[in-house]
Amino acid sequence: HEEVDRDLVDRVIRIASTAPMGIPPFQVGIVVLYGHDKVRALSDDVMVTIQRSMKFLNPFVLALARPFMKRANYESFREFVLPLGRLIDEERERGGDALLYGAPVALLFHCSPYADPADCYIAATYAMIAAESLGLKTCMIGMVAPFLVHDKRLMKKYGIPKGNKPSIVLIMGYPSIDFKRGVRRRFASVSYFGDKV
């Protein structure tokens, strides 16, 4: 995987800083992991935390917790979090990285308790669009923050200020495959209020 020019990363961050925020002043921070070695270090650290958590987040414990969970949360853990955790773990055993995919750059967005929770996602979306417009390919990773937030040692290691909450990771790099078409997606619903069907 080709390294990304640092000036390009700085341009992406400058553009992302223009994102509209819910609650001024701007309360979003970014930890930039520049270089394969730093991104892999974050991935390895989080994977260890995931492995520890998987000992407790197993189907048996989940079944015991079911009466205390909302149905959507239970199904999300059972159908998404547990299988994904197993996949990430299996790939790590083979020496791969199914968490951050060997990316050369990762932007870890975090925000203060005073920020609107959406602010990190808005800034990350601006960063994603900026990176794509500059010829990079991107992917938002939501699996890092839930495990990072519960590990004080890792929060300190990666320079997330006390009280701030990690939110989303944006990985970026040059594509190894040049796709000719984007994925066609649809919203669950689109309705014009007041229009008769």
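Structure: see above.
First, a word on what this report is: a plain description of the structure on this page. The numbering scheme is per chain: residues are counted from 1 as the chain's sequence reads. Local features in this predicted model are restricted to residues whose pLDDT is 70 or higher, and side-chain atom pairs enter the listing and the counts only when it is 80 or higher, whereas totals over whole chains, interfaces and linings include all residues. Here the side-chain values reflect all heavy atoms present in the structure, with hydrogen atoms and water set aside.

### Digging into the pattern of salt bridges
Okay, so step 1: Salt bridge, as applied in this entry: a Lys or Arg side-chain nitrogen positioned within 4 Å of an Asp or Glu carboxyl oxygen. One pass over the full model with this rule turns up seven salt bridges.
Okay, so step 2: The shortest N-O distance in the salt bridge between Arg-52 and Asp-151 comes to 3.1 Å. Note that Arg-52 is positioned in helix H2 (residues 36-54) and Asp-151 in the loop between helix H6 (145-148) and helix H7 (152-157), a separation of 99 residues in sequence.
Okay, so step 3: Its relative accessible area of 40% is what places Arg-52 among the partly exposed residues.
Okay, so step 4: Only protein chains enter the accessibility calculation, which uses a 1.4 Å probe. A residue is then buried if its area is under 20% of the maximum for its type, exposed if over 50%, and partly exposed in between. The class of Asp-151 is buried, set by a relative accessible area of 8%.
Okay, so step 5: The closest approach of N and O atoms between Arg-78 and Glu-79, which form a salt bridge, is 2.6 Å.
Okay, so step 6: Using a relative accessible area of 38% as the deciding quantity, one classes Arg-78 as partly exposed. In DSSP terms, a helix is any run of H or I states spanning at least four residues, a strand is any run of E spanning at least two, and both are numbered starting from the N terminus.

### Observations regarding the nonpolar core
Okay, so step 1: Residues grouped as a nonpolar core are buried Ala, Val, Leu, Ile, Met, Phe, Trp, Tyr and Cys residues, joined through side-chain atoms within 4.5 Å. Counting residues in hydrophobic clusters, the biggest one holds 31 residues, and the most contacted among them are Leu-99, Leu-100 and Met-143.
Okay, so step 2: Mapped onto this core, the elements with two or more residues apiece are strand S1 (28-34), H2, helix H4 (71-93), strand S2 (105-111), H6, H7 and strand S4 (165-173).
Okay, so step 3: Per element, the largest residue contribution to this core is six residues, and it comes from H2.
Okay, so step 4: Residues are treated as being in contact if the distance between any of their heavy atoms lies within 4.5 Å. Look past the residues within four positions of Met-143 in its chain and what remains in contact with it is Ile-50, Val-81, Leu-84, Gly-85, Ile-88 and Leu-99.

### Comments concerning the side chain of Asp-97
Okay, so step 1: Relative to the helices and strands, Asp-97 resides in the loop between H4 and S2.
Okay, so step 2: Buried charged residue Asp-97 carries no salt bridge. Nearest counter-charge: Arg-40, at 4.7 Å.
Okay, so step 3: Distance and chemistry together define a polar contact, namely a pair of N or O atoms within 3.5 Å, with one atom able to donate a hydrogen and the other to accept it when in protein, and with adjacent residues in sequence counting only for side-chain atoms on both sides. Of note is the side chain of Asp-97, whose polar atom sits 2.7 Å from the side chain of Ser-43.
Okay, so step 4: A polar side-chain atom of Asp-97 sits 3.0 Å from the main-chain amide nitrogen of Leu-99.
Okay, so step 5: For Asp-97, the residues in contact, after removing those within four places along its chain, are Arg-40, Ser-43, Met-47, Glu-91 and Gly-102. Note that His is not counted, nor are the chain ends; the positive residues are Lys and Arg, and the negative ones are Asp and Glu.

### Examining the side chain of Ser-43
Okay, so step 1: Relative to the helices and strands, Ser-43 is located in helix H2.
Okay, so step 2: The class for Ser-43 is buried, based on a relative accessible area of 0%.

### What to know about the sheet that holds S1
Okay, so step 1: When DSSP locates at least two bridges between a pair of strands, those strands are taken to pair. Spatially, four strands are ordered S1-S2-S4-S3 in an open sheet, and the strand pairing comes out antiparallel. Looking at which strands have only one partner, the edges of the open sheet turn out to be S1 and strand S3 (137-141). In this sheet, adjacent strand axes meet at a mean angle of 20° when their direction is disregarded.
Okay, so step 2: Pairing of S1 with S2 involves seven bridges; the strand directions are antiparallel. Looking across to S2, one finds that Gly-29 is bridged to His-110.
Okay, so step 3: Convention adopted: a line fitted to C-alpha atoms gives each axis, helices being fitted over their contacting stretch, and angles between N-to-C directions are expressed from 0 to 180 degrees. With respect to the sheet, helix H1 (residues 6-16) is in contact with S1, S2 and S4, its orientation differing from that of S1 by roughly 165°.

### A closer look at the packing of H1 against helix H5 (residues 119-133)
Okay, so step 1: Two elements in contact, H1 and H5, have axes separated by 8 Å at closest approach and are oriented at 135°. Comparing their axes, H5 and H1 come out oblique. Once H1 is placed against H5, the crossing between them reads as right-handed. Taken together, the residues of H5 that come into contact with H1 (itself represented by Val-12, Ile-15 and Ala-16) are Ala-123, Tyr-126, Ala-127, Ala-130 and Ala-131.
Okay, so step 2: Broken down by class, the residue content of the contact of H1 with H5 amounts to eight nonpolar, no polar and no charged. Should an angle lie under 35 degrees it is considered roughly parallel, over 145 roughly antiparallel, and from 65 to 115 roughly perpendicular; all remaining angles are considered oblique. Rotating anticlockwise by less than a right angle from the far helix to the near helix defines a left-handed crossing, while the corresponding clockwise rotation defines a right-handed one. By the convention adopted, Pro, Cys, Tyr, Trp, Phe, Met, Ile, Leu, Val and Ala count as nonpolar, Lys, Arg, Asp and Glu as charged, and the other residues, Gly among them, as polar.

### Looking at the environment of Val-105
Okay, so step 1: Along the polypeptide, Val-105 turns up in strand S2.
Okay, so step 2: Setting aside anything within four residues of it in sequence, one finds Val-105 in contact with Val-4, Val-9, Leu-33, Tyr-34, Val-39, Leu-170, Ile-171 and Met-172.

### Thoughts on the pairing of S2
Okay, so step 1: Where burial is concerned, most of S2 is hidden: seven out of the seven residues are buried.
Okay, so step 2: Alternating positions in S2 separate into two faces, Val-105, Leu-107, Phe-109 and Cys-111 on one and Ala-106, Leu-108 and His-110 on the other, with burial throughout.
Okay, so step 3: One ladder, built from seven bridges, connects S2 with S4; its direction is antiparallel. Its bridge partner lying in S4, Leu-107 is registered against Leu-170.

What is shown is where atoms sit, not what they do.
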